[in-house]
Structure formats: structure tokens, C-alpha cells
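Observations on the three-dimensional arrangement
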Amino acid sequence: MNYTVRKQHIGKNEQLDALALEAGRIYSLSVATFWRVVRKKGIWLKPSSMMRLISEGNLHAHTIDATVQAFYAGLKSWRARRKTDPNAHPPRRRRKFFRVEYKATAIKIKNGYLHLANGRGNSPLIIAWSHPLPRTLTMHWTGTEYEAIGVYEQPPLGAPLGDKVAGVDLGEIHQAVSFDGEQTIILNGRYLRSVRQYQNKLKAKLDAKIDVCKRGSRRRGKLIRSKRKQLSHVANQIRDIEHKQTTKLTSALHEQGVQVLAIGDVRDIRRALDYGHSANQRLHQWTAGKTRFYLTYKAERLGMKVALVDEAYTTRTCPACGNVKKSKVKSRNYKCKPCGKKFHRDQVGGMNIRARYLACGPVVGDMIPPVGIRYQRSSGNREATLL
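Residues numbered from 1 in each chain as written. Predicted model: local features only at pLDDT ≥ 70, side-chain atom pairs only at ≥ 80, totals over all residues. Heavy atoms only, no water.

1. Focus on the packing of aromatic side chains
Put simply, the rule is: Centre distance within 6.5 Å is the pairing criterion for rings of Phe, Tyr and Trp, where only the six-membered ring of Trp is used; planes under 30 degrees apart are then read as stacked, over 60 as edge-to-face, and the remainder as tilted. Labels follow the DSSP assignment, with helices taken as runs of H or I lasting at least four residues and strands as runs of E lasting at least two, numbered in each case from the N terminus. Residue burial is assigned from relative accessible area. The probe radius is 1.4 Å, only protein chains are included, and a residue is buried under 20% of its type maximum, exposed over 50%, and partly exposed in between. In our convention, an over-ring charge means Lys NZ or Arg CZ found within 6 Å of a ring centre and within 35 degrees of that ring's normal.
This structure, assessed with the given rule, holds 14 aromatic pairs. Centroid distance Phe-293 to Tyr-297: 5.3 Å. Interplanar angle 45 degrees. Geometry classified as tilted. Separated by four residues within a single helix, Phe-293 and Tyr-297 lie in helix α7 (residues 288-301), roughly one turn from each other. On the basis of an interplanar angle of 55 degrees and a centroid distance of 6.5 Å, the ring pair of Tyr-334 and Phe-343 is categorised as tilted. Here Tyr-334 matches Phe-343 in class, with each residue buried. Members of the aromatic cluster, each reached through a chain of ring pairs, are Tyr-27, Phe-34, Trp-35, Trp-44, Phe-71, Tyr-72, Trp-78 and Phe-98. Directly above the aromatic system of Tyr-294 lies the positively charged group of Lys-298, at a separation of 5.3 Å from the ring centroid. Residue placement shows Lys-325 over the ring face of Tyr-334; its charged tip is 5.2 Å from the ring centre.

Set out below in C-alpha cells:
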């Protein structure tokens, strides 16, 4: 079963402040209790045991359970991560505020308003809601206001129109490059990159102004609020670009009859090497994980399957003869000296990832020139178009 979300801005709310404070208290109590028992008894409490210990508070019982489960979700993620990353840290920080999650048992809808129960004797939270009854609802602080996120079950919107396999290479300049055996599609990332550069300059400019202000002064507080507002606007622009480009790519691949997306796994790209200050900054801001997440759930909604493939040396390996270049390809064209084959540089990674997934031989013959998907802004209308 696939899931989709609906978001709605709530603004600032004193009742929500109190609920988030109570959720933070419960989360912090879970953290403190768990590690205290580990330290003194050498026992790792199960989630069911912790939920029995922490069963009282000014929240709905299932909301308290969801807060405890959030800590254990972080613990589970750490235990999986530490198998490959010895520097991974478990969740130990206490939180003053925490998100408030309501399950189906605590949600009712009446005349366009959601009534969210907060336990016996406590007033329910009532918010306007323009969508159907959600499966779960989470209230969280965005930095400037509260936002409600409703989760809905959604069956697949379609089925694969063919049996093709597409290799997808995630990039730092271009979001992604796909190759389905016949056609290469490039998500042009130039505009996205320029928005990120503007974000960095804006952040540096505002930080410089804030640093010269006296702590606790009215001007400092005003600048901090302005910084949050401006950076939130830029973050929304970035999210809009990423969503629209990945939607256009998955739709195009679905129409071409792709059944499986083989995506290059770049999660460990920074672990072994130090690329230098400038490159490390770009890699740190590289949203490959978010792009992979968007492509995954959008492809699954269209009935396609997604698999992760080791991408090591895929951008340096010749798709025709298998020769591996010793250094990174710097020009826009990839030329293999041993066999003389030429490819567009951005094609190579997607071709090799696809071949690695299929365990097939070299590419024979000339490739069709790639096409691009570009985010365009014209007369106030923003959309991703296939070029």
C-alpha cells in the first residue's frame, strides 16, 4: 500500500505550544529512562515495556505511545546504521518540544473541522481541515508556524506499460540522469544549483548582520525572524523544483514502458574520502537522498519497482569495453581511448547502473542524444518541461 500526505498551515497556537511541550517531556522521559536502565541494569527495554512505564500525560494515550515509538524508531535507525558507520550516534538528546502525532483513534471530522482528542479531562484541539479524514495526523513546528501533515492510504495510480529497466544516476549538478536502453533523460539542475548558491549567500549575509548585534537586543530578534522567513521562502522554492522535476521524470519513464528503476546508491560517498572544503560543502548540501526518496515513492505510485545498485566507478567506466578511467571525467563528453567510443558524459552513469542491475554485457552501437527536463519560470507559471 502506498501513502500520500496533505499539508496545511496552522499558524501559531498557545494550545499547540502546550501540547508540543508535553510531547517533549514524554520524549525526554523516554530517552532518560531507556539509557538509565541500560546504564544501571544492562537491559534494553522493549517499546511495549516503555509504553507501559510511560502511560500518563496530558495527551491521548495513543499520542503518548507514538511519541515513545518515535524514540525507538531513532534507536532502530542507529542500530542499522552503526553496522557500516562506526561514528553513528544513538538518540540521546532530550527535547523541550516535540511533534504531536494523532492516530486514527484520536481523530474525528465534523463540518470541515478536525477534532483531535488529548485524553480524558483535556480540551480537544480543533483545526480547520479541507481534506478527508486522515489515517494519522502530525503537528510540527516549521520554524515560523505550526503545520499539520495528514497521511492517507493510496492504491497505485497505474501499472507498468512495459518491461523496461531504467538506470538512474544521481548527480550533484544535474539531479538525476536516466537511461532505459534507448533514451537518456537528464534532469537539468542548473537553476536548482543557482537557487542553492543564492541560499548560501543569503545565509552568510544575514548571519554577518546578526553577529554584530547584541544578544537579547530587539534588532537581533528582528533579524533572526527575518532570516527564518527568507530562508523558509527559498527552501520552498527548492522543494518545488525538486518535486516538479522528479514528477516529470517518473511520468516520462512510465510512458516509455519502464517497469524497474535501478537507482545508484550514493549514501556512502563521503565516508572514505576528503574531497576538500569546497567540494565537501557541495556534497553536504547535495540532496541525493531526497531525490531518491521522491523518485521512489512517485515510481511506486505508478506501479514501478525501485532497486538500489552500487554506483562505484559507474561514471568512469566505458559502457562499451569496460575500461575504467583513472581520474574523473572533466569535459561534457566521455571518450574512451582503448575502444574509441564517445558518449555524453551524463549518459555513462545511467548506462552502467542499468547494465550492472541487469548483469548484461557492453553497449553496442551509437546512442540516441539525451533529452533534458528543465524547470522554467514564465509569466508566473512554474513547471518542469521536457526539452
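Following the structure, the description resumes.
2. Comments concerning the packing of helix α5 (residues 218-255) against α7
Helices that pack against each other are described as a pair by the angle of their axes relative to one another and the distance between those axes. Rule in force here: Axes, fitted as lines to C-alpha atoms, cover a helix only where it is in contact. Angles between the N-to-C directions of the axes lie from 0 to 180 degrees. Orientation categories follow fixed angle ranges, with anything under 35 degrees roughly parallel, anything over 145 roughly antiparallel, 65 to 115 roughly perpendicular, and all other angles oblique. Two helices crossing with the near one rotated counterclockwise from the far one by less than a right angle form a left-handed crossing, whereas a clockwise rotation gives a right-handed crossing. Here, two residues are considered to be in contact whenever any of their heavy atoms come within 4.5 Å of each other. For this classification, Asp, Glu, Lys and Arg are treated as charged, while Ala, Val, Leu, Ile, Met, Phe, Trp, Tyr, Cys and Pro are nonpolar and the rest, including Gly, are polar.
Between α5 and α7, the least distance of the axes is 9 Å, while the angle of their chain directions is 45 degrees. The angle between α5 and α7 places the two elements in the oblique class. You can see that α5 and α7 cross each other, and the crossing is right-handed. Where α5 abuts α7, its residues Arg-239, Glu-242, His-243, Thr-246, Thr-247, Leu-249 and Thr-250 lie against Lys-290, Thr-291, Tyr-294, Leu-295, Tyr-297, Lys-298 and Ala-299. The residue makeup of the contact of α5 with α7, split by class, is five nonpolar, five polar and four charged.

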